[in-house]
Amino acid sequence: AAAGGGDCDSGGNRAGRRLPPHSPSGLVLQTVEMHTGGEPLRIIPRLEAAEEAVAEGLSLLSLRREVAATQDHVRRALMHEPRGHAGMYGAVVVRGEAATAGSDLAALFLHCAGYSAMCGHAVLALGRFALDYGLVAEPSCPETVVQLRCPCGPVTAFVPWDGHRSGNPVRFHSVPAFAAATDLAIDVLGHGKVVVDIGYGGTFYAFLNAEQLGLDVCSSKTKDLVNAASMVTEAVKKQFRLHHPESEDLAFLYGTILTDGKDAFSEEPTTNICVFADEQVDRSPTGSGVTARIALQYHKGLIQLNQTRTFRSSTTGSLFTGKAVKATKFGDYNAVIVEVSGEAFYTGTTTFTVEEEDPLKYGFFFK
């Protein structure tokens, strides 16, 4: 017999047959957990407040601002500790014709510091998610085209499909990518003058060989790489004005990518580390970063159309491939459509609860 007794105990035993909490007092958030090349993706399959906002006529780019203004507690709860961590990344899936504009799904991208306009590792994962969760009406074997709408514009994913479940590798075709500036001299605190390139792959990044900062992207401490990259980001923001052909909402520098300097075409992988947002480190080679770096290499004549490069993450060793598949124009820029390929995997599903009386219910963040 069980120790103790009385009604209180028997009620406890009944409740103990299922996991707590037994009566969530606040917000309940269900997520699908994935990673691409080690970089996490916490997918929120539905956020009613976002769908209501787009039903009233907001564009996806405007929805990004609206969610930041009215639903930021959701981002903080899921990205920050104790449910998330300093490297967490997320996506809100937005359904309905008003948001998708004929695509299979739309997405907003979340991170520990706010919201992004594009995320390649997320697109690779969302391609699989869209098939496995029935968001594509008629999947086809052996590969299904998945149309996604991101804040930066429409993106097309190509996802293996065996008739029952999705597979790998997934690839996507980017929005037009271009070189915003090359060989730009920037004064960086503690490092003097360095030369950077700025590329756009759905969002803007500064690129430079880590050797300019006295570092090696393959062997230096991650902490040192992060500190140096962050100083470059701040310097570029102060010394160079970005322009986007369609929306000034997209004219912001997302981060800095330090490389091994191997930009000329080679069959060998080239290694990089991406430091974005508020000193957040991408565990993958960075899909939008690969897109921008391919655009820069093509612009400089270092690669030709359909020459595939392999990109390695210095943090996990995971690999993406990238190639320029089509030349195009984007505003005044000569641009390219870039194909990025990588592998995305499921890691679980989660039901998160937010108890109203919890003083840290919407998370906390420190570095």
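Calculation rules
- Residues numbered from 1 in each chain as written.
- Predicted model: local features only at pLDDT ≥ 70, side-chain atom pairs only at ≥ 80, totals over all residues.
- Heavy atoms only, no water.
- Phe/Tyr/Trp six-rings, centres within 6.5 Å; stacked < 30°, edge-to-face > 60°.
- Helix = DSSP H or I, 4+ residues; strand = E, 2+ residues; numbered from the N terminus.
- Buried < 20%, exposed > 50% of the residue type's maximum accessible area, 1.4 Å probe, protein only.
- Core = buried A, V, L, I, M, F, W, Y, C linked by side-chain atoms within 4.5 Å.
- Salt bridge = Lys/Arg side-chain N within 4 Å of Asp/Glu carboxyl O.
- pLDDT = per-residue confidence, 0-100.
- Contact = heavy atoms within 4.5 Å.

Novice: I'm lost on the packing of aromatic side chains in this one. Help?
Specialist: Any pair of aromatic rings gets described here by the distance separating the centres and the angle formed by the planes. What the rule picks out here adds up to 12 aromatic pairs. Measuring from ring centre to ring centre gives 5.0 Å for F178 and Y200, while their planes differ by 25°; the resulting arrangement is stacked. Of the two residues, F178 is situated in strand β9 (residues 177–188) and Y200 in strand β10 (residues 192–200); the sequence distance between them amounts to 22 residues. Between F178 and Y333, the aromatic rings sit 4.0 Å apart at their centres with planes inclined by 15°, giving stacked as the arrangement. Linking F178 in strand β9 with Y333 in strand β17 (residues 333–342), this pair joins segments that are 155 residues apart in sequence. You'll find F178 and Y333 in the same group, each marked buried. An aromatic cluster is built from Y89, Y205, F207, F252, Y254 and F276, whose rings are joined through pairwise contacts.

Novice: In this structure, what is going on with the nonpolar core? I would like to understand it.
Specialist: Taken as a class, soluble globular proteins show a tendency for nonpolar side chains to be buried jointly. In this structure, F109 and L126 are the most contacted members of the largest nonpolar core, which totals 90 residues. Counting residues in each nonpolar core, the second largest holds 22 residues, with A50, L60, M79 and V92 among its members.

Novice: Honestly, the pattern of salt bridges in this entry has me stumped. Any pointers?
Specialist: Any two side chains of opposite charge can pair, so long as their charged atoms come close to each other. In this structure the tally under the stated criterion is 13 salt bridges. D183 is paired through a salt bridge with K300; the nearest N and O atoms lie 3.9 Å apart. Separated by 117 residues along the polypeptide, D183 in strand β9 and K300 in the loop between α8 (287–299) and β15 (309–313) bring together distant segments of the chain. Residue D263 is joined to R293 by a salt bridge in which the shortest nitrogen-to-oxygen separation is 2.9 Å. Of this pair, D263 sits in the loop between β12 (253–259) and β13 (270–276) while R293 is found in helix α8, placing the two residues 30 residues apart along the sequence. Classification of R293 as buried rests on a relative accessible area of 2%. Each of D72, R75 and R76 takes part in salt bridges that share partners, so that together they form one network.

Novice: Sorry if this is basic, but what is going on with the confidence of the model for the chain here?
Specialist: One rule of thumb: low pLDDT means the predicted coordinates there are not for detailed reading. This prediction gives the chain a mean pLDDT of 93; 95% of its residues lie at or above 70. Confidence over residues 1–7 falls short of pLDDT 50; this stretch has two contacts with residues more than four positions distant or in other chains.

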